[in-house]
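The chain contents come next:
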Amino acid sequence: MYDSFQDIEKPTLLLDEDRAKKNIDRMVAKARKNGVTLRPHFKTHQSAEVGEWFRERGVVSITVSSVDMAQYFVDHGWTDVTIAFPLNPRQISRVNSLARRCQLHLLVEDEGVVEILANQADHEVSVWLKIDAGYHRTGIDWRNQGKILSTALAVIESQNLEFRGILTHAGNTYALRSSEKIREAYGESVDRMLSVKGMLASSGIKAAVSVGDTPSCSIVGDLREVDEIRPGNFIFYDLSQFHIGSCRVEDISVAVACPIVAKHLDRRQLLIYGGAIHFSKEYLRDPSGHPFYGSVAILDGGSWNAVDPDSRMISISQEHGIVQASDHLLDHVSVGDILLIIPIHSCLTANLLGGYRTLDGRLIEMAKL
Ligand code: PLP
């Protein structure tokens, strides 16, 4: 079907570079307009080359999700790095080495970990308290003022730890399906963070506020109440973001090129080379409530601007994907063709596929962590 992808022989992550750069431009402009620091999460792309696209647009501070990823980006010249995963006490010696090479920001939510860090940090690090403002994955409950205050004080009293502020991730927005609901969820989590900030201020503690998830940062216009935003997924977007309402299909900058290996006219299905080891097992539900693992992109003018509403990847196993296909799709494809699938969650798909191919066929490397 898509002749320009003739040399693709296995599942390959295609990246529309222009689109990705436009997505960065939009978020950079929004952060500037609101006077907040954009500290994008680089776990989405995990690529030094893609990181440069941010640097060219004035971004100087970044977020990563592991010590390994921090090391990779510090090796590529980044000097202001937040590891947005609760500090793992078994990695303190590597954290110390990194802190010698960059302004390192760490997240803590456990007083025991603060004590270990206070005893073992041999270089100055910035410390943020992770707050649970409603997602219930990590963090100290925003209402637990006693614990927030005592943990902040433990940081402040430690020699090499500089208390910077409070940080949350409102991942609960991913379950929502309208701009209105996203705005409400964002407003609620920011109100909670500001109440924690106020409580700390009344004890004489100054705290910056860091938030950031792609749905909120894409949909909410006024971000002025916080100091920093950390969205990551927005550089690629994906089907989840489209269903939430964070983006249009025309903003999604990645699609997976999958070879068609069988065509079953009797059951109106295509078997593709592209399974859970390429996409993960993340799914959405179709209007009848059935899970699906990706949508078929329609190529138009060199990129994908729409998905086929009647064709979906309905089943996925390790390497196999089964696409329930529309009559139009079945009529127009043959075995050996490439089918473009928009992933449900681009961060996981990029991590699994390990690299990118731009629409003009150039390969872009990712970190090998
Ligand atoms: N900050 C933290 C702590 C996260 O866990 C994540 C994503 O999981 C982000 C920021 C980026 O959010 P998103 O993936 O919605 O862009």
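Every value quoted in this text rests on a predicted model; they were computed, and no experiment measured them.

## Remarks on the pairing of strand β16 (residues 303–316)
At step 1: Two elements, strand β15 (residues 294–300) and β16, share five bridges in a ladder whose sense is antiparallel. Residue Ala297 lies in a different strand from β16, and its bridge partner there is Val307.
At step 2: Counting the residues between successive antiparallel strands, the hairpin from β15 to β16 contains two residues, one of them, Gly301, with a positive phi of roughly 60 degrees.
At step 3: Here β16 runs beside strand β17 (residues 320–324); their pairing, made up of four bridges, is antiparallel. Looking at the pairing, Arg312 lines up with Gln324 of β17.
At step 4: Taken together, β16 and the strand that follows it, β17, pair antiparallel across an intervening segment of three residues.

## Structural notes on the environment of Phe73
At step 1: Looking at where Phe73 falls in the secondary structure, it is placed in helix α3 (residues 67–75).
At step 2: Taking the C-alpha atoms as reference points, Phe73 and Asn160, 87 residues apart in sequence, are found 23 Å from one another.
At step 3: If we ignore the near neighbours within four places in the chain, the residues touching Phe73 are Phe42, His45, Gln46, Ser47, Ala48, Ile62, Val64 and Trp78.

## Description of the site of the ligand
At step 1: Every one of the 13 residues lining the ligand counts as a neighbour, but Lys43, Arg137, Tyr174, Thr214 and Gly232 are closest to it.
At step 2: In the model, an oxygen atom of the ligand is placed 2.7 Å from a nitrogen or oxygen of the Lys43 side chain.
At step 3: Contacts to the ligand include Tyr174, whose side-chain N or O atom sits 2.5 Å from an oxygen atom.
At step 4: Isolated, the ligand exposes 390 Å² of accessible area, and the fraction of that covered by the protein chains is 94%.
At step 5: Of the residues assigned to the shell around the ligand, the class counts are three nonpolar, six polar and four charged.

## Overview of the pattern of salt bridges
At step 1: A complete count under the given rule lists 21 salt bridges for this structure.
At step 2: Salt-bridge contacts for Arg362 lead to Glu17; the nearest nitrogen and oxygen are separated by 3.1 Å. Placement of Arg362 in the loop between β19 (355–358) and β20 (363–365) and of Glu17 in helix α1 (residues 17–34) is noted, with a sequence separation of 345 residues between them.
At step 3: Judged by its relative accessible area of 17%, Glu17 falls in the buried class.
At step 4: A salt bridge links Arg57 to Asp25, with the nearest nitrogen and oxygen atoms 2.6 Å apart. On the criterion of sequence distance, the pair formed by Arg57 in the loop between α2 (48–56) and β3 (62–64) and Asp25 in helix α1 is long-range, its members being 32 residues apart.
At step 5: Within the structure, one salt-bridge network assembled from shared partners comprises Glu17, Lys21, Glu49 and Arg362.

## Observations concerning the nonpolar core
At step 1: Counting 110 residues, the largest nonpolar core has Leu104, Leu200, Ile229 and Leu339 as its most contacted members.
At step 2: Other than its neighbours up to four places away in sequence, Leu104 contacts Val81, Ile83, Val95, Leu98, Ala99, Val125 and Ser126.

## Remarks on helix α4 (residues 92–101)
At step 1: Residues Ile92, Val95, Asn96, Leu98 and Ala99 constitute the buried set of α4. Buried residues of α4, viewed axially, fall in a sector of 165 degrees; they line one side.
At step 2: Summarising the contacts, the buried residues of α4 are in contact with α3, β4 (80–86), β5 (103–108), α5 (111–120) and β6 (125–132).

## Topic: the packing of helix α6 (residues 145–156) against helix α7 (residues 179–202)
At step 1: Interhelical geometry of α6 versus α7 gives an angle of 60 degrees and a closest axis separation of 11 Å. Viewed along their axes, α6 and α7 adopt a mutual orientation that is oblique. With respect to the hand of their crossing, α6 and α7 are arranged in right-handed fashion. The segment α6 lies against α7, with Gln145, Ile148, Leu149 and Ala152 engaging Val196, Met199 and Leu200.
At step 2: Its residues assigned to classes, the contact of α6 with α7 shows six nonpolar, one polar and no charged.

## Observations regarding α2
At step 1: Buried within α2 we find Ala48, Val50, Gly51, Trp53 and Phe54.
At step 2: As for α2, its buried residues are in contact with β1 (12–15), α1, α3 and β20.
At step 3: The backbone nitrogen of Glu49 lies 3.3 Å from a side-chain oxygen of the residue at the head of α2, namely Ser47.
At step 4: With its phi angle positive at about 90 degrees, Gly58 sits one or two positions after the end of α2.

Rules used in this analysis
Residues numbered from 1 in each chain as written. Predicted model: local features only at pLDDT ≥ 70, side-chain atom pairs only at ≥ 80, totals over all residues. Heavy atoms only, no water. Pairing = 2+ DSSP bridges. Helix = DSSP H or I, 4+ residues; strand = E, 2+ residues; numbered from the N terminus. Contact = heavy atoms within 4.5 Å. Near = heavy atom within 4 Å. Polar contact = N/O pair within 3.5 Å; in protein donor to acceptor, adjacent residues only side chain to side chain. Areas by Shrake-Rupley, 256 points an atom, 1.4 Å probe, with all protein chains shown as cover. Nonpolar A, V, L, I, M, F, W, Y, C, P; charged D, E, K, R; others polar. Salt bridge = Lys/Arg side-chain N within 4 Å of Asp/Glu carboxyl O. Buried < 20%, exposed > 50% of the residue type's maximum accessible area, 1.4 Å probe, protein only. Core = buried A, V, L, I, M, F, W, Y, C linked by side-chain atoms within 4.5 Å. Arc of directions from axis to C-beta. Axes fitted to C-alpha atoms, helices over the stretch in contact; angles between N-to-C directions. Parallel < 35°, antiparallel > 145°, perpendicular 65-115°, else oblique. Left-handed = near helix turned anticlockwise from the far one by under 90°.

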